[in-house]
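If you want the building blocks of each chain, they are given just below.
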Amino acid sequence: MADVIVKRSDLNPGILQEYLNRKTIENLDKTVKFVQFGEKPSVQDGYNTLRWAKFVRLTASDVSAISTEGTNPEGVDFDATSVTATPTQYGIVVKLTDLTLANTVIPFLRGAAERAGVAMAEKIDAAIQASLLAGATNIKYGPTFNKTYPTDVGSSDTLTGKALAKWYAFLKDKGAIPFDADGSYVAIIDTPCYYDLLTDTATGGLIDTAKYATPDKIFSGEVGKLFGIRIVVSNNITTISSNVTLHPCFVFGKGAYGVAEWQTLETMISIDQPTTADPLKLHRTVGCKCAFGTAVLQEDALLIVEVAASSLS
């Protein structure tokens, strides 16, 4: 009997099983940048409010000339103010069925744990941004503060190198504490603003991080420095709706805001055993939780500039 030769083209597509690569495709995550710059005190167990104390400022006008030898000047009042933060707890639970886990080669438990952790990190970063916008007193419109109201910002009011010089001078004049010995401040901007900065030919270019005097002291997401401002780029900055889409640029000195952790980010995977709630082991869960609080500590060390930006589409 002659051999039967079956061509691949003759096979019923339903006969062939689909091959699934065990390596999953990498996710394109949002970048988390704000946590690294917050003052991070430790919170002792048993407290649900954290208070930062701040002494009132004594100025030159409080200093008196001693016109009569041996006579003390009049005393001046001295007090302290405080800033408080309370925790907000966040959580996420992913539910996976037993058949999903049993009938696929995809590592769902591990993948769910990784993705839940990333989602929590993005949520924390977004919550810090919202706190800064709510607590800031220095909010300017237009790259060089050239607009009075947010609705005045037009499509041409995009980020320029010249603007960074203005931002640096503003914080310097307020007495904001720099982040390094060179006297630099930090700005966190989004990717469209970074594009506008890179394509601005009217001013000198960014100093690349590789050319820093101390290149080992580089922040996560830092791309360079210009006019005393160290630039950190994030694609997780929330834009604001107005006549044009506004892109907030967060510019600050050291200690501008605090981030207090009441509960460390924790990932939990349920046990593979029957329970009262799930006697047939039909599900397993992956969850993340944390509790933290954030607050603006030094209002004059924080500047938020809302600008327009070029489209990247």
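Residues numbered from 1 in each chain as written. Predicted model: local features only at pLDDT ≥ 70, side-chain atom pairs only at ≥ 80, totals over all residues. Heavy atoms only, no water.

Here we come to the state of the cysteines. By definition, a disulfide links the sulfur atoms of two cysteine residues through a covalent bond. Counted under the stated rule, the structure contains zero disulfides. Left unpaired, Cys290 is separated from the closest cysteine sulfur, that of Cys288, by 8.6 Å. By relative accessible area, which is 3% here, Cys290 ends up buried. (Disulfide = S-S within 2.5 Å. Buried < 20%, exposed > 50% of the residue type's maximum accessible area, 1.4 Å probe, protein only.)

What follows is about unusual backbone geometry. Although it is not a glycine, Phe145 adopts a positive phi angle of roughly 60°. With respect to the helices, strands and loops of the structure, Phe145 is situated in the loop between β4 (139-141) and α3 (161-174). (Helix = DSSP H or I, 4+ residues; strand = E, 2+ residues; numbered from the N terminus.)

For the rest of this paragraph, the subject is the pairing of strand β9 (residues 247-252). Of all six residues making up β9, six are buried, and the element is well covered by its neighbours. What you see with β9 is no split at all: His247, Cys249 and Val251 on one side and Pro248, Phe250 and Phe252 on the other are buried throughout. Of the pairings in the sheet, the one linking β9 to strand β12 (residues 302-307) comprises six bridges and is antiparallel in character. Bridge pairing in β12 places His247 opposite Val307. (Pairing = 2+ DSSP bridges.)

In this structure, Ser82 sits in strand β2 (residues 80-85). Counting along the chain gives 215 residues from Ser82 to Leu297, while the straight-line C-alpha distance between them is 8.7 Å. Not counting the four nearest positions on each side in its chain, Ser82 is found in contact with Arg51, Trp52 and Ala53. (Contact = heavy atoms within 4.5 Å.)

Moving on: the layout of surface pockets. Quantified by volume, the largest pocket comes out at close to 460 Å³. Along its surface, the largest pocket is lined by 15 residues, and Lys54, Lys174, Gly175, Gln298 and Asp300 are the ones closest to its centre. Partitioned by chemical class, the residues of the lining of the largest pocket number five nonpolar, four polar and six charged. (1 Å grid on protein atoms, 1.4 Å probe; cavity = no way out; pocket = protein on both sides within 12 Å on 5 of 7 lines; lining within 4 Å. Points joined across faces, edges and corners; volume = space filled by probe spheres on them. Nonpolar A, V, L, I, M, F, W, Y, C, P; charged D, E, K, R; others polar.)

The next subject is the side chain of Lys33. Locating Lys33 in the fold gives a position in the segment before β1 (50-55). Buried within the structure, Lys33 lacks any salt-bridge partner; its nearest side chain of opposite charge belongs to Asp125, at an N-O separation of 7.9 Å. Here the side chain of Lys33 touches Ser220 through a polar contact of 2.8 Å, side chain to side chain. Once residues lying within four places of it in the same chain are set aside, the contact partners of Lys33 are Asp125, Ile188, Ser220, Gly221, Val232, Val233 and Ser234. (Lys, Arg positive; Asp, Glu negative; His and termini not counted. Salt bridge = Lys/Arg side-chain N within 4 Å of Asp/Glu carboxyl O. Polar contact = N/O pair within 3.5 Å; in protein donor to acceptor, adjacent residues only side chain to side chain.)

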